[in-house]
Amino acid sequence: MRIVSGIQPTGNLHLGNYLGAIRNWVRMQDEVAQAGGQSLYFLADLHALSQPHVPAELTANTREMAAAVIACGIDPEKSILFNQAQVPAHAELQWLLNGTARLGWLNRMTQFKDKAGKNRDSVSAALYTYPVLQAADVLLYQATHVPVGEDQKQHLELARDIAQKFNNDFGDGEEIFTLPEPIIPQGAARIMSLRDGNAKMSKSDASDMSRINLSDDADTIMAKIRKAKTDPEPLPHDAEGLEGRAEAANLVGIYAAMAGESIAHVLARFAGQGFGAFKPALGELLVARLAPISARFNALRHDHATLDSILGQGAEKARRLAAPTLDRAYRALGLLR
């Protein structure tokens, strides 16, 4: 079993990133290691080029994201952690796969439509073709499984289509690429903004009060939870009572995810109470669970030498794993190297 997953280095990792992805990376890392498999986690800095960016910020964000995932529990001794740019095989394989990917397939990618908006002619070609780079990211390492959320299932299906067509067209009876299977992480939480229960928690939100950053101290966390948007009604006795109450449902969901409990269990404890009682309990839980992560993150984020060393060692391992697949793809296409 070989798991491959990546995250864009946008900087400022927040609670939504942790509960939605990183915590599951840590769990899978340990499970896969115990089973004798491998886990590769990468910072998708090449993908960042698909959108306007400031070079110095990308460098800083890549290091900061590395510090954050390590603080959350990704262990470079158990997993291979690296950034894409140090493994040129990602970009090489994307170009080789561009000959197999079809415009019709890319035209169906809903995320491009969402990100490009109405002014599609002005966006970069990279934004249009980045699903092919995503395919290269996982096919390069013969990934057997890829953890995906609902918004990425379509891209993994594209990767499988590309792999299957490449194998059929150029494999000559040999399976050049493994067709990866999706893993829908159990317990992955969809965390919404503290200011709007209908919008995802996001770094891009102009208000810092909309999110819990992993770098926030205890006082900041308590203040943000205290000021989080709610409604005047008490908490209900069951989950059905949260319907139509987006902000209430979000705070209860955060509590359940952090405590490792069901929504029903949380409501059984707090039913009938107002947010004047629930918010302090939620804030204290967040402070207790996030304090070790925040302390490790803040200690590591400015240690550039250590971070660069970890990413460099991970990239060296990744390059060795990638080389045989890239060589087979070149040979299958009739290219001399």
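Residues numbered from 1 in each chain as written. Predicted model: local features only at pLDDT ≥ 70, side-chain atom pairs only at ≥ 80, totals over all residues. Heavy atoms only, no water.

Draft legend 1. A positive patch on the surface, seen in detail. Among the surface-exposed residues, R195, R226, K227 and K229 lie close enough to one another that they form a single positively charged patch. Given the relative accessible area of 51%, K227 is considered exposed. (Patch = residues over 30% accessible without salt bridge, like charges linked within 9 Å, V, L, I, M, F, W, Y side chains within 5 Å. Areas by Shrake-Rupley, 256 points an atom, 1.4 Å probe, with all protein chains shown as cover. Salt bridge = Lys/Arg side-chain N within 4 Å of Asp/Glu carboxyl O. Lys, Arg positive; Asp, Glu negative; His and termini not counted. Charge placed at Lys NZ, Arg CZ, Asp CG, Glu CD. Buried < 20%, exposed > 50% of the residue type's maximum accessible area, 1.4 Å probe, protein only.)

Draft legend 2. Region of the structure containing the nonpolar core. L15, Y18, I254, M258, F278, L286 and L290 are the most contacted members of the largest nonpolar core, which totals 59 residues. In terms of residue count, helix α11 (residues 275–300) provides more of this core than any other element does, 10 residues in total. Leaving out residues up to four positions away in the same chain, L290 has contacts with L15, Y18, I212, L214, I221 and M258. Formed by 44 residues, the second largest nonpolar core is a distinct cluster that contains A89, A101, M109 and Y141. (Core = buried A, V, L, I, M, F, W, Y, C linked by side-chain atoms within 4.5 Å. Helix = DSSP H or I, 4+ residues; strand = E, 2+ residues; numbered from the N terminus. Contact = heavy atoms within 4.5 Å.)

Draft legend 3. View of the packing of helix α2 (residues 55–72) against helix α12 (residues 304–332). Relative orientation of the contacting elements α2 and α12 amounts to 80°, with a least axis distance of 10 Å. Accordingly, the angle class assigned to the pair α2 and α12 is roughly perpendicular. Of the residues in α12, those in contact with T62, R63, A66, A67 and I70 of α2 are H304, L307, D308, I310 and L311. (Axes fitted to C-alpha atoms, helices over the stretch in contact; angles between N-to-C directions. Parallel < 35°, antiparallel > 145°, perpendicular 65-115°, else oblique.)

Draft legend 4. Here's a closer look at the packing of aromatic side chains. As enumerated under the stated definition, the model contains 10 aromatic pairs in all. Centroid distance W25 to Y41: 4.5 Å. Interplanar angle 15°. Geometry classified as stacked. Pair noted here: W25 is in helix α1 (residues 15–34) and Y41 is in strand β2 (residues 38–43), with a separation of 16 residues, a long-range link. With respect to burial, W25 and Y41 carry one shared label: buried. With centroids separated by 5.4 Å and ring planes inclined at 70°, the aromatic side chains of Y255 and F270 adopt a geometry described as edge-to-face. Here Y255, found in helix α9 (residues 246–259), pairs with F270, found in helix α10 (residues 263–270); they are 15 residues apart in sequence, far enough to count as distant. Like Y255, the residue F270 is buried in the burial classification. Taken together, the aromatic side chains of Y255, F270, F275 and F278 make up a single cluster linked through ring pairs. The ring of Y330 has R337 sitting right over it, with the charged end atom 4.1 Å from the ring centre. (Phe/Tyr/Trp six-rings, centres within 6.5 Å; stacked < 30°, edge-to-face > 60°. Lys NZ or Arg CZ within 6 Å of the ring centre and 35° of its normal.)

Draft legend 5. Local environment of α9. Between its first and last C-alpha atoms α9 spans 20 Å; for 14 residues at 1.5 Å apiece the expected length is 20 Å, and the two agree. Taken across its 14 residues, α9 has 10 buried, putting it largely inside the fold. Among the residues making up α9, those that are buried are E247, A248, N250, L251, V252, I254, Y255, A256, A257 and M258. Contact partners of the buried residues in α9: α1, α10 and α11. Where α9 ends, the next residue or the one after it, G260, has phi of about 70°, a positive value. (Expected span 1.5 Å × (residues − 1).)

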